Amino acid sequence: MNLNFFKKDFFFLFLVYAIIGCSSSEYRWQSSQLAINNSYKLKTGDIIVKDKLLTDPLSWLGHSSVMISDNRIGDFPMPGKDYYTISVNAWLNEPSRKVIVLRYKHFDKAFEKQFLKNIQTYGYGKYRTSFFKKKDSDFYCSKFVWFLFYKTAQDLGYNLDLDSNQGILIFPYDFLNSSDLTQIIL
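Residues numbered from 1 in each chain as written. Predicted model: local features only at pLDDT ≥ 70, side-chain atom pairs only at ≥ 80, totals over all residues. Heavy atoms only, no water.

Engineer: Would you mind showing me how to read the packing of helix α4 (residues 109–122) against helix α5 (residues 141–155) here?
Structural biologist: A pair of packed helices can be characterised by two numbers: the angle between their axes and the separation between those axes. One can describe the packing of α4 onto α5 by two numbers: an axis separation of 9 Å at closest approach and a directional angle of 125°. Here α5 runs oblique to α4, going by the angle between their axes. The interaxial crossing formed by α4 with α5 has right-handed handedness. On the side of α4, the interface is formed by F111, Q114, F115, N118, I119 and Y122, while α5 contributes F144, F147, L148, F149, K151, T152, A153 and D155. (Axes fitted to C-alpha atoms, helices over the stretch in contact; angles between N-to-C directions. Helix = DSSP H or I, 4+ residues; strand = E, 2+ residues; numbered from the N terminus. Parallel < 35°, antiparallel > 145°, perpendicular 65-115°, else oblique. Left-handed = near helix turned anticlockwise from the far one by under 90°. Contact = heavy atoms within 4.5 Å.)

Engineer: Honestly, the pairing of strand β3 (residues 63–67) in this entry has me stumped. Any pointers?
Structural biologist: Moving residue by residue along a regular strand, the side chains alternate between the two faces of the sheet. When you tally the buried positions in β3, you get 5 out of 5 residues, the bulk of the element. Pairing geometry for strand β2 (residues 47–50) and β3, over 4 bridges, is antiparallel. In the strand pairing of β3, V49 is matched with S64. Connecting β3 to the antiparallel partner strand β4 (residues 72–75) that follows it, the hairpin turn spans 4 residues. (Buried < 20%, exposed > 50% of the residue type's maximum accessible area, 1.4 Å probe, protein only. Pairing = 2+ DSSP bridges.)

Engineer: Would you take a moment to explain the pattern of salt bridges for this structure?
Structural biologist: Once the charged atoms of two side chains with opposite charge are near each other, the side chains can pair. Taken as a whole, this structure holds 6 salt bridges when the rule is applied. For R97, the salt bridge identified is with E94, shortest N-O distance 3.5 Å. For R97, a relative accessible area of 6% puts it in the buried group. The partly exposed category is assigned to E94, whose relative accessible area is 26%. Shared partners join several salt bridges into a network, and the residues in it are K50, D51, E94 and R97. (Salt bridge = Lys/Arg side-chain N within 4 Å of Asp/Glu carboxyl O.)

Engineer: When you look at α5 in this model, what are you seeing that I'm missing?
Structural biologist: Structurally, the α-helix is built with 3.6 residues per turn, so residues lying three or four positions apart point the same way. Over its 15 residues, α5 runs 22 Å from end to end, which matches the ideal 21 Å to within 8%, given 1.5 Å per residue. Of all the 15 residues making up α5, 13 are buried; the element is thus mostly covered by neighbouring parts of the structure. (Expected span 1.5 Å × (residues − 1).)

Set out below in structure tokens:
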């Protein structure tokens, strides 16, 4: 068997999965403009998942970020760009994108307090793709979001895994089927 042929097949299957896979019909995509207009409804800890753009290969796996206050987002945007914070309106200002806002059902004051501590501890790392979800130094957009919730729950004495398919990598669309998250309709 030709190794190059195998690599090409693997790459092709990965692209097909990235473009059409990882989706859920249970959720209603909303325009980013609607999210901007209703940003006052967003809360610390809300997860925002952006849809895929077929014209932008970097978006084929989706994109996600988390509200680190009621009006700011913490984000690992792409390879070569490290963690930064941005206003929710600026982050959502992509008229062609649609979004889904998800909220953890048990995000109470105790969870929020520890969550904010973990943002301070882990929020200034470097963008790196890692096959180890629990590693606390390598982050990309959805792993950072996943890790904050995982670590916060662990610090509070319980287990929480928002990765709906339990894969070795966490993709933004993996949050959509988590039973611990509910969609916020704006």
